[in-house]
Amino acid sequence: MEPGSRDAAPGRVSVSAVLPAGGCGERLGGATPKQFCAVQGRPLVSYAVRAMERISWISDIIVVVSPENIETMKTIIEKYGHKRVTVVEGGITRHRSIFNGLKVFAENEFSSHLLQKPEVVIIHDAVRPFVEEDIISKVVMAAKEHGAAGAIRPLVSTVIASAADGCLDHSLERARYRASEMPQAFLFDIIYEAYQQCTDYDLDYGTECLHLALKYCKANAKLVEGTADLWKVTYKRDLYAAESIIKENLSQQVCVITNVKETLAQVGFLLPESLKSQIKVEAISISLSKNDSCLQNIVSGQCYNYVCVNEKKCALQEIRELVDMLEKSNIPLLCPVVLISVHLDISENDSFSIRMEDLSTIKKFAREAKKKNILVYGLLIQYK
């Protein structure tokens, strides 16, 4: 994909996203709203924004925050290099905040932020950081066909109703019900019309966007079975769970890069083959001296582990170029990036040595890269 271009959305429909992030995190406890709590050193909301940002066919991402957190959110966007993001002031409730986010596409009072109206709009909580493109695509396609759609999950516990005296009144048959999750998606005109018709009671006490679309626009939402990672960070223990998941995800992907030369490509093929049964492997054969879009996409997808197989004589220059690319991507701001440089000595000379000045240069470069949160390791192999 060329820089600045975007892949087509499912069904070639224009899509934008609204992320409500105005909550106070009362159930989490503590002074910091949960969407701004740090997980692995990065605010939770940044993960949710990044999940949307990685999907090239989402045109605009609207983050709705409380007035006192607008500058905080703008600082996060700048620090982590987020693109296509507009920050909007939220209301006093969730529904009022979402409505404000939708107004960015339609009302003159938001003229300073006025954006092109999408055909489909995604609504996703800023405290659900693990959403993947596959479920978003399914929800968007279902919304295009049915007017509204949302992810669901099986109920974990039985739901009961209590009587006025605090005793059991009745219970629901768990098999018939589902938990409503995010993301949800709507034809923009349907959900915007629904919000325009809402009563103050709806805006102040309602929580379900799909219900508004049904109530005011007769849009019978398509329910899409979601994955287990759609859960919402609600309590303090959820932050620890989120951190654990992020650490596991970071360790489960590696990008193996080889030069286009035949010998190196052969090694580059054997290495991924031996690794792919254990972790997710992206293997590419390129020249790092060229601006390769495939590698750019992998870097922008937040891969944190790289193995670069190259000839000893040109190894350092190519590693410098990869480190520069990683630094510009801003991903080392989140977690350390591990880069293993495998230097193949394919010369006819039987001596297995490296000049001391070369070793000194490599060590110095590794120290410089470490300051950028990029950990460079070198491995010299004589290959015949």
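Predicted model only: the values in this text are computed from it and were never measured. (Residues numbered from 1 in each chain as written. Predicted model: local features only at pLDDT ≥ 70, side-chain atom pairs only at ≥ 80, totals over all residues. Heavy atoms only, no water.)

Examining a positive patch on the surface
Part 1 of the argument: Together, Arg320, Lys363, Lys364, Arg367 and Lys371 line one region of the surface with positive charge.
Part 2 of the argument: Examining the composition of the positive patch, we find that four residues originate from one element, helix H12 (residues 356–371), more than from any other.
Part 3 of the argument: Counting through the fold element by element, Arg367 comes out in helix H12. (Patch = residues over 30% accessible without salt bridge, like charges linked within 9 Å, V, L, I, M, F, W, Y side chains within 5 Å. Areas by Shrake-Rupley, 256 points an atom, 1.4 Å probe, with all protein chains shown as cover. Salt bridge = Lys/Arg side-chain N within 4 Å of Asp/Glu carboxyl O. Lys, Arg positive; Asp, Glu negative; His and termini not counted. Charge placed at Lys NZ, Arg CZ, Asp CG, Glu CD. Helix = DSSP H or I, 4+ residues; strand = E, 2+ residues; numbered from the N terminus.)

Overview of the packing of helix H3 (residues 94–103) against helix H5 (residues 188–197)
Part 1 of the argument: Where H3 meets H5, the axes come as close as 10 Å, and the angle between the chain directions of the two elements is 130°. The angle between the axes of H3 and H5 places the two elements in the oblique class. Between H3 and H5 lies a crossing whose hand is left-handed. Contacts between H3 and H5 involve His95, Ile98, Phe99, Leu102 and Lys103 on the former and, on the latter, Phe188, Ile191, Tyr192, Tyr195 and Gln196. (Axes fitted to C-alpha atoms, helices over the stretch in contact; angles between N-to-C directions. Parallel < 35°, antiparallel > 145°, perpendicular 65-115°, else oblique. Left-handed = near helix turned anticlockwise from the far one by under 90°. Contact = heavy atoms within 4.5 Å.)

A look at the confidence of the model for the protein chain
Should the pLDDT be low somewhere, the predicted coordinates at that spot are not to be read in detail.
Part 1 of the argument: When the pLDDT values of the protein chain are averaged, the result is 84; 83% of them are 70 or greater.
Part 2 of the argument: When mean pLDDT is compared element by element in the protein chain, strand E6 (residues 120–123) scores highest at 98, while helix H9 (residues 262–275) scores lowest at 67.
Part 3 of the argument: pLDDT under 50 marks residues 1–5. Its contacts with residues more than four places away, or in other chains, come to five contacts. (pLDDT = per-residue confidence, 0-100.)

Details of the side chain of Asp125
Part 1 of the argument: Secondary-structure assignment places Asp125 in the loop between E6 and helix H4 (133–146).
Part 2 of the argument: Side-chain polar atoms of Asp125 contact the side chain of Arg94, separated by 2.5 Å.
Part 3 of the argument: Excluding residues within four positions of it along the chain, Asp125 makes contact with Pro20, Ala48, Arg94, Met182 and Lys232. (Polar contact = N/O pair within 3.5 Å; in protein donor to acceptor, adjacent residues only side chain to side chain.)

Let's talk about the sheet that holds strand E4 (residues 58–65)
Part 1 of the argument: Read across the sheet, seven strands follow the order E5-E4-E1-E6-E10-E7-E11 without closing on themselves; strand pairing throughout is mixed. Bordering the open sheet on either side are strand E5 (85–89) and strand E11 (222–225), each of which pairs with just one other strand. The sheet shows a mean angle of 25° between the axes of neighbouring strands, direction not considered.
Part 2 of the argument: Across five bridges, the pairing between E4 and E5 is parallel. Paired with Ile62 across the strands is Thr86, a residue of E5. (Pairing = 2+ DSSP bridges.)

A look at the pairing of strand E12 (residues 253–258)
Part 1 of the argument: The buried count for E12 comes to six of six residues, which makes it a mostly enclosed element.
Part 2 of the argument: Side-chain alternation along E12 places Gln253, Cys255 and Ile257 on one buried face and Val254, Val256 and Thr258 on a second face that is also buried.
Part 3 of the argument: Bridge count between E12 and strand E13 (residues 280–285): six bridges; the pairing is parallel. Residue pairing for E13: Thr258 is matched across the bridge by Ser285. (Buried < 20%, exposed > 50% of the residue type's maximum accessible area, 1.4 Å probe, protein only.)

Structural notes on empty space enclosed by the protein
Part 1 of the argument: Overall, the coordinates contain one cavity of 30 Å³ or more when judged by the stated rule.
Part 2 of the argument: In this structure, the largest cavity encloses a volume near 50 Å³.
Part 3 of the argument: Forming the walls of the largest cavity are Leu316, Ile319, Ser341, His343, Ile362, Phe365, Val376, Tyr377 and Gly378.
Part 4 of the argument: The set of elements that each furnish at least two residues to the lining of the largest cavity consists of helix H11 (315–329), strand E15 (337–345), H12 and strand E16 (374–382).
Part 5 of the argument: Take the lining of the largest cavity: its biggest share by element is three residues, from E16.
Part 6 of the argument: Of the residues in the lining of the largest cavity, the class split is six nonpolar, three polar and no charged. (1 Å grid on protein atoms, 1.4 Å probe; cavity = no way out; pocket = protein on both sides within 12 Å on 5 of 7 lines; lining within 4 Å. Points joined across faces, edges and corners; volume = space filled by probe spheres on them. Nonpolar A, V, L, I, M, F, W, Y, C, P; charged D, E, K, R; others polar.)

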